[in-house]
Amino acid sequence: MSAELDSLYQEIILDHYKNPHHKGLREPFEAEVHHVNPTCGDEITLRVHLADGVVQDVSYDSLGCSISQASTSVMADLVIGKPVDEAMSIHEEFLALMQGKGTVEPDEEVLEDGIAFAGVAKFPARVKCALLSWMAWKDATARSLEESRG
Amino acid sequence: MKGLLPDLEVIRKDFPILERTLADGRPLVYLDSANTSQKPQCVIDAMVDHLEHHNANVARAMHQLGAEASEAFEAGRDKVAAFIGAPSRDEVIFTKNASEALNLVANTLLWAGPRRVGEGDVVVTTEMEHHSNIVPWQMLAERSGAELKWFTFTDEGHLDLSQVDELITERTKVVTLTWVSNMLGTINPIAEITRRAHEVGALVVVDASQAAPQLPIDLGAMPEAERPDLIAFTGHKVVGPTGIGVLWGSREVLEQLPPFLGGGEMIETVRMEGSTYAGIPHKFEAGTPPIVEAVGLGAAVDYLGAVGMEAIHAHEQAITRYALEGMQSVKGLRVLGPLDATQRGGAVSFEIEGLHPHDVSQVLDVRGVAVRAGHHCARPAHARFGVQSSTRMSSYLYTTPAEIDAFVDALNYTRSYFKLD
């Protein structure tokens, strides 16, 4: 029984949940978004700071379950310091993993700690938890880009 | 254990789903009945029999099957009327669910008639409502210019009745509240609040979605001054099917409200220059109604009536008392709502320090224990306790003490799984 649970709650996920990286809202930022999961009420406020085509910072304040909190921490680790295009393609890769119903083999080179979420894809009710912060980041990044164009 | 249904094992056999197993051959421990109840074989059989032998549209098909279908549908109404002790069977209106019943009232109060709610009027609700008894009234307030006011509740989960004089005044047109809270489990003093509301001429609308499954309701036996004007509940929480809800209203009030949806069945005559409407209940039942669902609901309330609502209520209290004791033995667990089983229904929401409700329900699910996690469509009530969400266990007439033991064991296992000690 706990094998099934262990495939969901990988050690990496529990570590990020207990000690989230990059948490807290910081300045400067170009866009701030607030996303909620209407079924459970989990929520996140997330800020993005872009400069010279690079994700300079992602800061956030969030409330939610182990999966959503760990996913936010891993996402911030992965995208901070990356060119926006590369960060977007990591986002695509993570999205494909989550929507793959457990059939997608994760690429550790690209997703690093994010591969720990492969097991989440087999729990349809939890996929939304894992994606909450990634969707918020994509939204905030798109707004930041519009801001800089505008 | 005192209060348990004496034939509990026999009753469990009436519910075929309780025999199924889940992944790894684990037995199902279904503790999500406040969300939806399971269905006894007699309800399933009544619906299948209707579809196999009596299916036709109602009230318009002039053939033999049409007559049989109409009779079965209207018999469903008679059974529901008997279940709640309605003074008249014509006061029972079938809707899609409890939400539609509440929306019917909140919308028609905006449109026309002596009960019309307008600018400067006050509508009173409570902080412990389900979203379906909040949002329709927010929409009414927004559209009418009326003011929406709220009863708060105490730390123990009881309505703060010290606000009665301030909230229920000459300006108050509607007082709406839940009979039993779906999140806190609290049983509210419906008679007392109704009496106060009626003193100022306000209409009383009660959400009975959690009360109808658990409390004996006898509207006809309530003194008129203490009887709500309208009550709403849903079929699927009283061991009936989804797709059907009930609005009961006193004849006087239902006749004062304008029709809700327009269409077939709700008319008297239709001319191009205008139409006249049918009397109650059909005035509020436009279009083909949920026919087989009414048959199923009739069988469901007959079943509950045969077991006996007094006995079901006693069973719920015994199981709830046992569950509250077991839960309080779990380290870091806080119950959100009254701790006295006699003052509450069978839905118990709780939080465990250091654990998110999603994670609790996930681990419980792997052990075959089905509970609900989230805000249970009651965000304002959660905000009142300063929490974002909670886990909720809810029992029913088929719940056994052994299932409560399995639930409490699973909670302790969850704490150890997440290494909280």
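Since the model is a prediction, treat every value here as computed from it, not as a measurement. (Residues numbered from 1 in each chain as written. Chains lettered and ligands numbered in written order. Predicted model: local features only at pLDDT ≥ 70, side-chain atom pairs only at ≥ 80, totals over all residues.)

## So, the overall build of chain A
Defined as follows: Comment: elements are numbered from the N terminus, with helices defined as DSSP H or I runs of at least four residues and strands as E runs of at least two. Atoms counted for the radius of gyration: C-alpha only. Globule rule: 2.2 Å times residue count to the power 0.38. As a rule, residues whose C-beta atom has 12 or fewer other C-beta atoms within 10 Å are exposed, those with 20 or more are buried, and those in between are partly exposed; C-beta atoms are placed from the backbone. Once C-beta atoms have been placed from the backbone, residue pairs whose C-beta atoms lie within 7 Å are recorded as contacts.
Secondary structure summary: chain A contains six helices and three strands in total. Along chain A, helices and strands appear, N-terminal first, in the series α-α-β-β-β-α-α-α-α. In summary, chain A has a C-alpha radius of gyration of 15 Å against a globular reference of 15 Å for 150 residues, a match within 12%. Overall, the C-alpha framework of chain A stretches about 55 × 30 × 25 Å when taken along its three principal axes. Going through the 150 residues of chain A one by one, you find that 38% of them count as buried. Restricting to contacts in chain A with at least 6 residues of sequence separation, those with at least 24 account for 62%.

## Focus: the sheet that holds strand S12 (residues 347-352) of chain B
All names here are of chain B. Stated formally: One bridge is not enough; two strands pair if DSSP finds at least two bridges between them. Lines fitted to C-alpha atoms define the axes here, with helix axes fitted over just the stretch in contact, and angles between the N-to-C directions of these axes take values from 0 to 180 degrees.
Pairing within the open sheet is antiparallel, and its four strands lie in the order S11-S12-S15-S14. Two strands bound the open sheet, and with one partner strand each, they are strand S11 (333-335) and strand S14 (372-374). On average, each strand axis in the sheet is tilted by 30° relative to the strand beside it, whichever way the strands run. In this sheet, strand S15 (residues 390-394) lies alongside S14 in antiparallel orientation, the contact comprising three bridges. Residue pairing across strands places Ala373 opposite Thr391, the latter belonging to S15.

## Concerning the interface of chain B and chain A
Applicable threshold: Note that Gly is not counted as nonpolar here; it falls among the polar residues with everything else outside the nonpolar set of Ala, Val, Leu, Ile, Met, Phe, Trp, Tyr, Cys and Pro and the charged set of Asp, Glu, Lys and Arg.
With 15 residues of chain B at the contact, the number on the chain A side is 12 residues. Broken down by secondary-structure element, the contributors of at least two residues to the side of chain B that touches chain A are helix H11 (357-366) and S14 of chain B. Of the residues forming the side of chain B that touches chain A, the biggest block, five residues, is contributed by H11(B). Grouping the amino acids of the side of chain B that touches chain A by side-chain chemistry returns four nonpolar, seven polar and four charged.

## Quick word on the environment of B:Ser33
All names here are of chain B. In this structure, Ser33 sits in the loop between strand S1 (29-30) and helix H2 (41-54). A C-alpha to C-alpha distance of 8.7 Å links Ser33 and Val371, two positions 338 residues apart in sequence. Contact partners of Ser33, with chain neighbours within four places excluded, come to Ser394, Ser395 and Tyr396.

## Comments concerning the packing of helix H4 (residues 84-98) of chain A against helix H6 (residues 124-149) of chain A
Residues and elements named next belong to chain A. Inclusion rule: Working rule for angles: under 35 degrees goes down as roughly parallel, over 145 as roughly antiparallel, 65 to 115 as roughly perpendicular, anything else as oblique. By convention, the crossing between two helices is left-handed when the near helix turns anticlockwise from the far helix through less than a right angle, and right-handed when the turn is clockwise.
Close contact between H4 and H6 brings their axes to 11 Å; oriented N to C, the two are set at 155°. The angle between H4 and H6 places the two elements in the roughly antiparallel class. As H4 runs across H6, the sense of the crossing is left-handed. In this structure, H4 contributes Val84, His91, Phe94, Leu95 and Met98 to the contact, and H6 contributes Val127, Ala130, Leu131, Trp134, Lys138 and Thr141. Here the residues of the contact of H4 with H6 sort into eight nonpolar, two polar and one charged.

## Focus: the UniProt feature "domain: NIF system FeS cluster assembly NifU N-terminal" (unreviewed entry) in chain A
Our working rule: UniProt positions are given in the numbering used here, feature names are shortened, and annotations may be inferred rather than shown by experiment.
Per the UniProt annotation, the sites labelled "domain: NIF system FeS cluster assembly NifU N-terminal" (unreviewed entry) are residues 9-129 of chain A. Secondary structure across residues 9-129 of chain A comprises 39% helix and 21% strand; the distance between its end C-alpha atoms is 13 Å.

## Comments concerning the environment of B:His375
Among the structural elements, B:His375 can be located in the loop between S14 and helix H12 (379-384). On a C-alpha basis, the gap between B:His375 and B:Ala141 in space is 24 Å, while along the polypeptide they are 234 residues apart. Those residues in contact with B:His375 that lie beyond four places of it in its chain are A:Cys40, A:Gly41, B:His382 and B:Ser389.

## Quick notes on the domain arrangement of chain B
Residues and elements named next belong to chain B. As a reminder, the rule being used: Segment limits for the domains were obtained from an automatic or database-derived domain assignment.
When the domains of chain B are assigned, the result is domain 1 (8-39 + 308-417) and domain 2 (44-305). Averaged C-alpha coordinates put domain 1 and domain 2 at centres separated by 28 Å. Opposite the 27 residues of domain 1 that make contact, domain 2 presents 28 residues. Among the elements that take part in the side of domain 1 that touches domain 2, helix H10 (residues 309-328) stands out by supplying five residues, more than any other. When the residues that make up the side of domain 1 that touches domain 2 are grouped by side-chain class, the tally is 12 nonpolar, nine polar and six charged.

## A few points about the packing of H2(B) against helix H9 (residues 291-307) of chain B
Packed helices, taken two at a time, are described by the angle between their axes plus the distance between the axes. Residue and element names in this part refer to chain B. Two numbers describe how H2 lies on H9: the axes approach to 8 Å, and their chain directions differ by 150°. As the angle between them shows, H2 and H9 are arranged roughly antiparallel. For the crossing formed where H2 meets H9, the hand is right-handed. Taking contact as the criterion, the partners of Cys42, Val43, Ala46, Met47, His50 and Leu51 in H2 are, on H9, Val292, Val295, Gly296, Ala299, Ala300 and Tyr303.

## A word on the UniProt feature "domain: Aminotransferase class V" (unreviewed entry) in chain B
The feature "domain: Aminotransferase class V" (unreviewed entry), as given by UniProt, occupies residues 29-407 of chain B in the numbering adopted here. With 36% helix and 17% strand, the stretch residues 29-407 of chain B has end C-alpha atoms that lie 8 Å from each other.

## Points about the environment of B:Ser162
Mapped onto the elements of the fold, B:Ser162 is located in the loop between strand S4 (147-151) and helix H6 (164-167). The spatial distance from the C-alpha of B:Ser162 to the C-alpha of B:Ala299 is 42 Å, given a sequence separation of 137 residues.

## Let's talk about the sheet that holds strand S2 (residues 43-51) of chain A
Residue and element names in this part refer to chain A. Strand order in this open sheet of three strands is S1-S2-S3, and the pairing throughout is antiparallel. Two strands lie at the open edges of the sheet, namely strand S1 (31-36) and strand S3 (54-63), each paired on one side alone. Averaged over all pairs of adjacent strands, the angle between their axes in this sheet comes to 20°, without regard to strand direction.

## Observations concerning the pairing of strand S5 (residues 172-178) of chain B
Residues and elements named next belong to chain B. Judged by how many residues are buried, S5 sits mostly within the fold: seven of seven residues are covered. As judged from the three bridges shared by strand S3 (residues 122-126) and S5, these two strands associate in the parallel manner. Bridge assignment links Val122 to a residue of S5, and that residue is Thr172. Strand direction decides the pairing type here: S5 and strand S6 (residues 203-207), joined by five bridges, are parallel. Residue Val174 lies in a different strand from S6, and its bridge partner there is Leu203.

## Let's talk about the pairing of S12(B)
All names here are of chain B. Among the six residues in S12, six count as buried, and that is most of the element. Of the two faces of S12, both are covered, the one formed by Ala347, Ser349 and Glu351 as well as the one formed by Val348, Phe350 and Ile352. Alignment of S11 against S12, held across three bridges, turns out to be antiparallel. If you follow Leu333 over to S12, its bridge partner there is Ile352. Pairing between S12 and S15: four bridges, direction antiparallel.

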